[in-house]
Amino acid sequence: MLKAIRRSHPECSLILDANGGYDADEALDFLKLLDDACLTPALFEQPVPRDDWKGLGEVNRKAKEMYGVSVAADESCRNLLDAEIIIKEQLAEVVNIKLAKSGVMGAMEIVTAVKNAGLNLMIGGMVETRLAMGFAAHFAAGLGCFKFIDLDTPLLLSRDPIHDGYEVQGPKYILDNCEGHGGWLSWP
């Protein structure tokens, strides 16, 4: 599948999310396979289980040294304390913020700590509707400090009950087409 994506969109950067599915050795083996196939990702998100701090750090260091790949902490960063561990121990180069995971105030604390440490930020979501993703998009745009945007979770829903709101045009999110979040619930 990745080869087909690369053939169709050679200019596209790949962001891969393991959702904590590997141990450190498996994650590094996977990156080697990708590199050998000229499919090296720009970002490798949550390669190891959320509490495997040692494995996260190992993958982060070796992924950058061997393949030039940045590693993102997602499930491993649930609150400010987790962010402080990631920063202090240099466990990831990117931290994924999800408003449903940490709340708005918790997210603001994490953003401040990550920015002050010179790391990069990603905004993402759980499997959420356009209402939640629209709010996350406005949050990210308002702060202006997110390098990676992953707000595609409404595409995973069989039917999104929200209409209107932001528009997606290729890689761009258009947020100025409405007042507030602009989304409306359409429930049977």
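All of the points below concern the structure found in this document. (Residues numbered from 1 in each chain as written. Predicted model: local features only at pLDDT ≥ 70, side-chain atom pairs only at ≥ 80, totals over all residues. Heavy atoms only, no water.)

## Some words on the overall build of the protein chain
When you go through the protein chain residue by residue, the secondary structure sums to 6 helices and 10 strands. Scaling as 2.2 N^0.38, a compact globule of 188 residues should have a C-alpha radius of gyration of about 16 Å, and the protein chain matches this with 17 Å. With the C-alpha coordinates aligned to their principal axes, the bounding extent of the protein chain is approximately 50 × 40 × 30 Å. Buried residues in the protein chain amount to 40% of all 188 residues. The contacts of the protein chain with a sequence gap of at least 6 include a subset with a gap of at least 24, amounting to 66%. Placing the 18 positive and 28 negative side-chain charges of the protein chain at their respective mean positions leaves the two points 3 Å apart. (Helix = DSSP H or I, 4+ residues; strand = E, 2+ residues; numbered from the N terminus. Rg over C-alpha atoms; globule rule 2.2 N^0.38 Å. Buried < 20%, exposed > 50% of the residue type's maximum accessible area, 1.4 Å probe, protein only. Contact = heavy atoms within 4.5 Å. Lys, Arg positive; Asp, Glu negative; His and termini not counted. Charge placed at Lys NZ, Arg CZ, Asp CG, Glu CD.)

## Topic: the sheet that holds strand 3 (residues 70-73)
If you trace the 6 strands from one edge of the open sheet to the other, you get 1-2-3-4-5-6, paired in parallel fashion. Either end of the sheet is taken by a strand with one partner, and the two such strands are strand 1 (15-17) and strand 6 (148-149). Here strand 3 runs beside strand 4 (residues 94-98); their pairing, made up of 2 bridges, is parallel. By the bridge assignment for strand 4, alanine 72 is matched with valine 94. Helix 5 (residues 99-117) contacts strand 4 and strand 5 (120-124) of the sheet and is inclined by roughly 150° relative to strand 4. (Pairing = 2+ DSSP bridges. Axes fitted to C-alpha atoms, helices over the stretch in contact; angles between N-to-C directions.)

## A short note on the packing of helix 4 (residues 80-89) against helix 5
Across the interface, helix 4 lies against helix 5 with an axial gap of 9 Å and an inter-helix angle of 15°. Here helix 5 runs roughly parallel to helix 4, going by the angle between their axes. Relative to helix 5, helix 4 is oriented so that their crossing is right-handed. When helix 4 is examined against helix 5, the residues Leu80, Ala83 and Ile87 are found in contact with a partner set consisting of Glu109, Ile110, Ala113, Val114 and Ala117. When grouped by side-chain class, the residues that make up the contact of helix 4 with helix 5 number 7 nonpolar, no polar and 1 charged. (Parallel < 35°, antiparallel > 145°, perpendicular 65-115°, else oblique. Left-handed = near helix turned anticlockwise from the far one by under 90°. Nonpolar A, V, L, I, M, F, W, Y, C, P; charged D, E, K, R; others polar.)

## What about the nonpolar core?
If you look at the biggest cluster of nonpolar residues, it comprises 41 residues, and the most contacted ones within it are Leu31, Phe44, Val59, Ile97, Ile123, Phe139 and Phe146. Every element with two or more residues in this core is listed here: helix 2 (24-36), helix 3 (53-67), strand 3, helix 4, strand 4, helix 5, strand 5 and helix 6 (130-143). Isoleucine 123 has contacts with Asn96, Ile97, Ala136, Phe139, Ala140, Phe146, Phe148, Ile149, Asp150 and Leu151, leaving out every residue within four places of it along the chain. Counting residues in hydrophobic clusters, the runner-up holds 5 residues, among them Leu43, Ala72, Val94 and Phe148. (Core = buried A, V, L, I, M, F, W, Y, C linked by side-chain atoms within 4.5 Å.)

## Things to note about helix 3
Here helix 3 contains 15 residues, and its C-alpha end-to-end distance of 21 Å stays within 8% of the 21 Å for a straight helix at 1.5 Å per residue. Residues Gly55, Leu56, Gly57, Glu58, Val59, Asn60, Ala63 and Tyr67 constitute the buried set of helix 3. Residues of helix 3 that are buried make contact with helix 2, strand 2 (43-45) and strand 3. (Expected span 1.5 Å × (residues − 1).)

## A few points about the pattern of salt bridges
Scanning the model with the defined rule gives 8 salt bridges in all. Notably, a salt bridge pairs arginine 78 with aspartate 51, separated by 3.4 Å at the nearest N-O pair. In this pair, arginine 78 sits in the loop between strand 3 and helix 4 while aspartate 51 sits in the loop between strand 2 and helix 3, placing the two residues 27 residues apart along the sequence. A relative accessible area of 25% means that arginine 78 is categorised as partly exposed. Residue aspartate 51 is classed as partly exposed on the basis of its relative accessible area, which comes to 49%. The shortest N-O distance in the salt bridge between aspartate 74 and lysine 98 comes to 2.7 Å. Residue aspartate 74 is located in the loop between strand 3 and helix 4, and its partner lysine 98 is located in strand 4; the two are separated by 24 residues in the primary sequence. A relative accessible area of 8% places lysine 98 in the buried class. One network of salt bridges, in which partners are shared, links Arg50, Asp51, Arg78 and Asp82. (Salt bridge = Lys/Arg side-chain N within 4 Å of Asp/Glu carboxyl O.)

## Concerning the pairing of strand 4
For strand 4, a buried count of 5 out of 5 residues is recorded, marking the element as mostly surrounded by other parts of the structure. The side-chain alternation of strand 4 yields two buried faces, one formed by Val94, Asn96 and Lys98 and the other by Val95 and Ile97. Considered for its hand, the β-α-β crossover made up of strand 3, helix 4 and strand 4 is right-handed. Taken together, the 5 bridges between strand 4 and strand 5 define a ladder with parallel strand orientation. Residue valine 95 lies in a different strand from strand 5, and its bridge partner there is leucine 121. (Right-handed = clockwise from strand over helix to strand, strands pointing away.)

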